[in-house]
Every structure is written in C-alpha cells, then in structure tokens.
Amino acid sequence: MKSYREELWFHTQSRREYVNITPQVERVVEQSGVQEGLVLVNAMHITASVYINDDEQGLLQDYEHFLERLIPHAADYQHNLTGEDNGDAHIKRQIMGREVVVAITNGALDFGPWEQIFYAEFDGGRRKRVLVKVIGE
Amino acid sequence: MKSYREELWFHTQSRREYVNITPQVERVVEQSGVQEGLVLVNAMHITASVYINDDEQGLLQDYEHFLERLIPHAADYQHNLTGEDNGDAHIKRQIMGREVVVAITNGALDFGPWEQIFYAEFDGGRRKRVLVKVIGE
Amino acid sequence: MKSYREELWFHTQSRREYVNITPQVERVVEQSGVQEGLVLVNAMHITASVYINDDEQGLLQDYEHFLERLIPHAADYQHNLTGEDNGDAHIKRQIMGREVVVAITNGALDFGPWEQIFYAEFDGGRRKRVLVKVIGE
C-alpha cells in the first residue's frame with residue numbers, strides 16, 4: 001500500500017468564498033503515483049468546508065444566500081461570547097461538510113460529469129489549510 | 001491491496017425519490033472479494049445524495065417535507081437563470097450528503113442494527129449513476 | 001495492509017448530548033499499529049452523529065439551539081406514528097453527519113489545530129455504539 005500527503009494553503013480576501021480546488025487535488029493524486037485507491041480531502045480548520053458540487057456562479061450565490069439566511073453572521077451566538085465573531089461559520093461548515101472521499105481509478109479522480117471539489121471559506125482573511133491524503137497502490 | 005469498482009444506475013419516475021440500495025452495495029462488496037476494508041458509495045451526479053438512515057416510510061416523508069420546506073423547488077434560484085430548474089436539488093443534496101464510507105469486516109458491511117444505504121434523487125426522471133469503490137484485502 | 005476495528009459504547013443521561021471522543025479514537029489508532037492510513041469513525045445508530053469541530057461550550061449550545069429551532073423535538077413527524085418519538089433525531093443526524101474519515105500520518109490523527117471528534121446524541125438515555133475502523137500499514 002502506498003500513501004501520500006500534501007497540504008494546500010488558502011488565504012481568501014473576503015470572509016466567505018468558494019474556491020474550486022479540483023486542479024490542485026488532481027495534481028496531488030498524480031504526484032502520489034496511486035493508480036487504485038481513495039483520496040481524502042478535508043478542511044483542517046473548523047470554519048471551512050470541502051464539498052463536491054457544480055462550478056456555476058449562480059449556484060455559488062444560491063449557497064451563499066441559503067447559508068446566510070439560515071445562519072446569519074450577525075445573529076447572536078454563544079460562541080461569540082469568547083471574543084470570536086465566527087459562531088455562524090462553525091455552523092455553516094456543518095451544513096456543507098468537512099471532507100470528501102473520492103475514488104481513484106486508473107490514476108485519476110473517478111468523477112461524474114459535473115463533479116468539482118470546492119473549498120468553502122466561512123471565516124476568511126487569513127491563511128488556512130486543506131489536507132489531501134492518498135492511499136492505495 | 002485489492003480494489004474493485006462498479007457503477008449502479010438509477011432512473012426514478014418522479015423528481016424526488018428515496019431508494020434503498022443496500023442489497024446492490026452488498027452484492028458489489030461480495031463480488032469484490034474484500035474481507036477487511038472500506039467501501040465508498042457516492043452519487044456521481046450533483047443533484048442526488050447517498051446517505052444512511054432507516055428504511056421507514058414515515059421517515060422518508062419527513063425528509064421530503066423537511067427538505068421541501070427549507071429549500072422549496074418553486075423558489076427563486078440564481079442557478080435557474082442558466083435555464084435549469086434544479087437549483088433546489090443542488091442545495092438539498094448538500095444537506096443529505098454526497099457519499100458514505102462503510103467499513104467492511106469479515107466480507108460484509110459492518111452495520112448497526114438499522115443502518116440502510118439510500119440513494120436520494122432530487123432531480124429525477126433521467127438515468128443517473130452511483131459509484132461503489134471497494135478497497136481492502 | 002493492516003486493518004483494525006473497535007466499538008465504542010455510549011450511554012448519555014439526557015436526550016441530546018455532545019461528547020468529545022477524540023481520546024478514545026486516538027487510543028484505537030495507537031492500538032491498531034497503523035502508521036499511514038485512514039480511520040473511519042461512524043455512528044452505528046441512525047439518531048446520532050459523529051462530526052469534527054471545536055470543543056467549546058458556547059458552540060455546543062449554538063449547535064443545540066440551531067438544530068432544535070430548525071427541527072423541533074415536539075413537532076409532528078410521520079415517523080412518530082410508528083410509536084417512536086424520535087423523528088426529529090433522524091433529521092438532526094443528517095444535518096450533523098453520520099461519519100468522519102481522518103488521515104493517519106506517522107501513527108497519529110492528522111489534525112488541524114482545533115479539530116476534535118464528537119459523538120452527538122439526539123435520542124439518548126440508552127446504550128449506543130460508534131464504530132472505529134482503521135486501515136493502512
């Protein structure tokens with residue numbers, strides 16, 4: 001069994017942002033040399049998500065509106081009594097998920113026609129990391 | 001390490017439908033010959049989910065009502081300006097999840113008493129796929 | 001390839017409770033002897049979640065308020081016509097997730113600075129299980 005690991009770093013300018021990271025993950029899988037296996041891609045921070053969906057600008061706005069309507073940044077959160085202002089981000093990340101696991105087949109991401117991997121930042125403006133771990137052979 | 005891959009195809013008649021796919025996944029695991037490992041089961045389309053919960057008709061109605069109340073099909077979505085009418089389905093799928101990873105122990109799905117794997121379709125009426133990828137030995 | 005499996009048992013006193021299970025998972029990973037691989041941690045019951053986020057009391061209250069506001073225990077659920085009273089718990093668990101997959105690197109959980117694994121109980125007061133499955137080498 002082979003294993004391989006890389007960290008991807010992100011520093012978004014705005015508080016919330018949706019970044020297509022598929023090319024970076026493809027490069028890591030290629031680098032790993034794994035032909036058949038699994039790749040885990042997870043946010044290493046707890047106010048960000050990694051998820052898979054379409055890369056379509058309208059949809060990214062729909063996600064933004066849905067999440068902000070359901071879990072407004074400006075609402076009262078007990079977590080913010082610690083001096084933080086990111087209570088909403090901890091909840092938004094639960095909705096969108098921490099991680100994806102993707103099959104590797106013939107050395108590539110085994111994807112349907114529209115699947116793209118996104119890093120969703122809900123408390124940006126600073127450097128944060130995503131872990132890519134490949135296992136297989 | 002062994003690996004094995006199959007696609008399952010679904011064509012639901014209605015827009016939204018919940019299909020218990022546990023028997024199909026069990027068959028793929030058996031076919032793989034893997035005794036100890038993991039199986040990844042994921043929707044290959046971005047308007048459908050794979051999730052694990054109870055196979056109880058009332059519960060399936062509760063999921064349907066909850067998701068449609070929170071993310072109505074008829075609401076306005078930016079995504080629908082592309083000519084699509086499935087903006088809601090892209091969001092519903094995020095709530096219910098893209099994938100499950102299940103342990104394989106002694107050649108079988110390592111499940112609690114009520115765990116069942118479901119394919120949840122949110123934009124049906126056409127042929128769509130689920131990927132089953134098994135790794136282990 | 002090595003594999004290793006353990007069940008963790010929980011019996012919460014209250015209906016809903018959030019338990020940090022990181023030390024138990026760390027012990028299982030150590031016990032497995034796996035240096036590089038993946039660990040799957042999943043609720044074996046369908047009214048509980050395993051998720052990763054911060055161990056901060058205010059945040060746990062925020063999760064509780066958010067989930068109970070969105071999916072009240074006392075609302076009408078079709079599932080409850082079976083004689084159960086846990087329709088809400090089956091939906092809450094979908095929001096928070098069934099499982100996490102964590103990378104193992106150099107024999108330890110490969111975590112960002114604040115990641116902690118939680119067992120979230122939504123229908124407690126009885127003994128329930130979490131599965132920990134390790135694969136790697």
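That block above? That's the structure.
Because the structure is predicted, anything quoted here is derived from the model rather than measured. (Residues numbered from 1 in each chain as written. Chains lettered and ligands numbered in written order. Predicted model: local features only at pLDDT ≥ 70, side-chain atom pairs only at ≥ 80, totals over all residues. Heavy atoms only, no water.)

Turning our attention to the nonpolar core. Counting 51 residues, the largest nonpolar core has Ile95(A), Ile95(B) and Ile95(C) as its most contacted members. Filtering out sequence-adjacent residues up to four positions away, Ile95(A) remains in contact with Phe66(A), Leu67(A), Leu70(A), Ile71(A), Gln94(B), Ile95(B), Phe66(C) and Ile95(C). (Core = buried A, V, L, I, M, F, W, Y, C linked by side-chain atoms within 4.5 Å. Buried < 20%, exposed > 50% of the residue type's maximum accessible area, 1.4 Å probe, protein only. Contact = heavy atoms within 4.5 Å.)

Once that is clear, we can look at the interface of chain C and chain B. Listed by partner, the interface residues are 28 residues for chain C and 35 residues for chain B. Regarding the contact of chain C and chain B, the summed buried area is about 2,500 Å², with carbon and sulfur atoms giving 60% of it. Between chain C and chain B we count three salt bridges in total. Across the pair Arg5(C) and Asp110(B) runs a salt bridge, and its minimum N-O distance is 2.5 Å. At the boundary of chain C with chain B, the tally comes to 16 residue pairs in polar contact (both at pLDDT 80 or more). Residue composition of the side of chain C that touches chain B, grouped by class: 14 nonpolar, eight polar and six charged. (Buried area = accessible area lost by both parts, 1.4 Å probe. Salt bridge = Lys/Arg side-chain N within 4 Å of Asp/Glu carboxyl O. Polar contact = N/O pair within 3.5 Å; in protein donor to acceptor, adjacent residues only side chain to side chain. Nonpolar A, V, L, I, M, F, W, Y, C, P; charged D, E, K, R; others polar.)

Each partner contributes to the interface: chain A provides 35 residues, whereas chain B provides 28 residues. For the pair chain A and chain B, the summed buried surface comes to about 2,500 Å²; carbon and sulfur atoms form 60% of the total. Along the contact surface separating chain A from chain B lie 16 residue pairs in polar contact (both at pLDDT 80 or more). Counting only elements with at least two residues in the side of chain A that touches chain B, the list comes to β3 (37-43), β4 (48-53), α2 (57-70), α3 (87-96), β5 (99-105) and β8 (127-136) of chain A. Classifying every residue of the side of chain A that touches chain B gives 19 nonpolar, seven polar and nine charged. (Helix = DSSP H or I, 4+ residues; strand = E, 2+ residues; numbered from the N terminus.)

Let us now look at the relation of the copies chain C and chain B. Each copy superposes on the other: chain C lies on chain B with an RMSD of 0.0 Å after a rotation of 120° and an axial shift of 0.0 Å. This pairing of chains is accounted for by a three-fold axis. (Least-squares fit on C-alpha atoms with pLDDT ≥ 70 in both.)

This next bit is on the pairing of strand β7 (residues 116-121) of chain B. All names here are of chain B. With five of six residues buried, β7 lies mostly within the body of the structure. As defined by bridge partners, strand β2 (residues 17-20) adjoins β7 across four bridges and the pair is classed as antiparallel. Along β7, the bridge assignment pairs Asn 20 with Phe 118. Examined bridge by bridge, strand β4 (residues 48-53) and β7 share six bridges and lie antiparallel to one another. Its bridge partner lying in β7, Ala 48 is registered against Glu 121. (Pairing = 2+ DSSP bridges.)

Bringing the packing of α2(A) against helix α3 (residues 87-96) of chain B into the picture now. Running from N to C, α2(A) and α3(B) point in directions that differ by 55°, and their axes come no closer than 10 Å. When the interaxial angle is binned, α2(A) and α3(B) end up oblique. Every pair of crossing elements has a handedness; the one defined by α2(A) and α3(B) is right-handed. Side by side, α2(A) and α3(B) meet where Leu59(A), Asp62(A), Tyr63(A) and Phe66(A) of the first sit next to His90(B), Ile91(B), Gln94(B) and Ile95(B) of the second. Taken together, the residues that form the contact of α2(A) with α3(B) break down as five nonpolar, two polar and one charged. (Axes fitted to C-alpha atoms, helices over the stretch in contact; angles between N-to-C directions. Parallel < 35°, antiparallel > 145°, perpendicular 65-115°, else oblique. Left-handed = near helix turned anticlockwise from the far one by under 90°.)

Tallied over the entire structure, the rule returns 45 salt bridges over all chains. Here Glu99(A) makes a salt bridge to Arg98(A), at a shortest N to O gap of 2.5 Å. Given a relative accessible area of 6%, Arg98(A) falls into the buried group. The salt bridge partner of Arg15(B) is Asp123(B), with a shortest N-O separation of 3.6 Å. Taken together, the residues span a long stretch of sequence, with Arg15(B) in the loop between β1 (2-10) and β2 and Asp123(B) in the loop between β7 and β8 (128-136) at a distance of 108 residues. Arg15(B) sits in the partly exposed class, given a relative accessible area of 30%. For Asp123(B), a relative accessible area of 8% translates into the label buried. Members of the salt-bridge network, linked through shared partners, are Arg16(A), Glu64(A), Glu68(A), Asp88(A) and Lys92(A).

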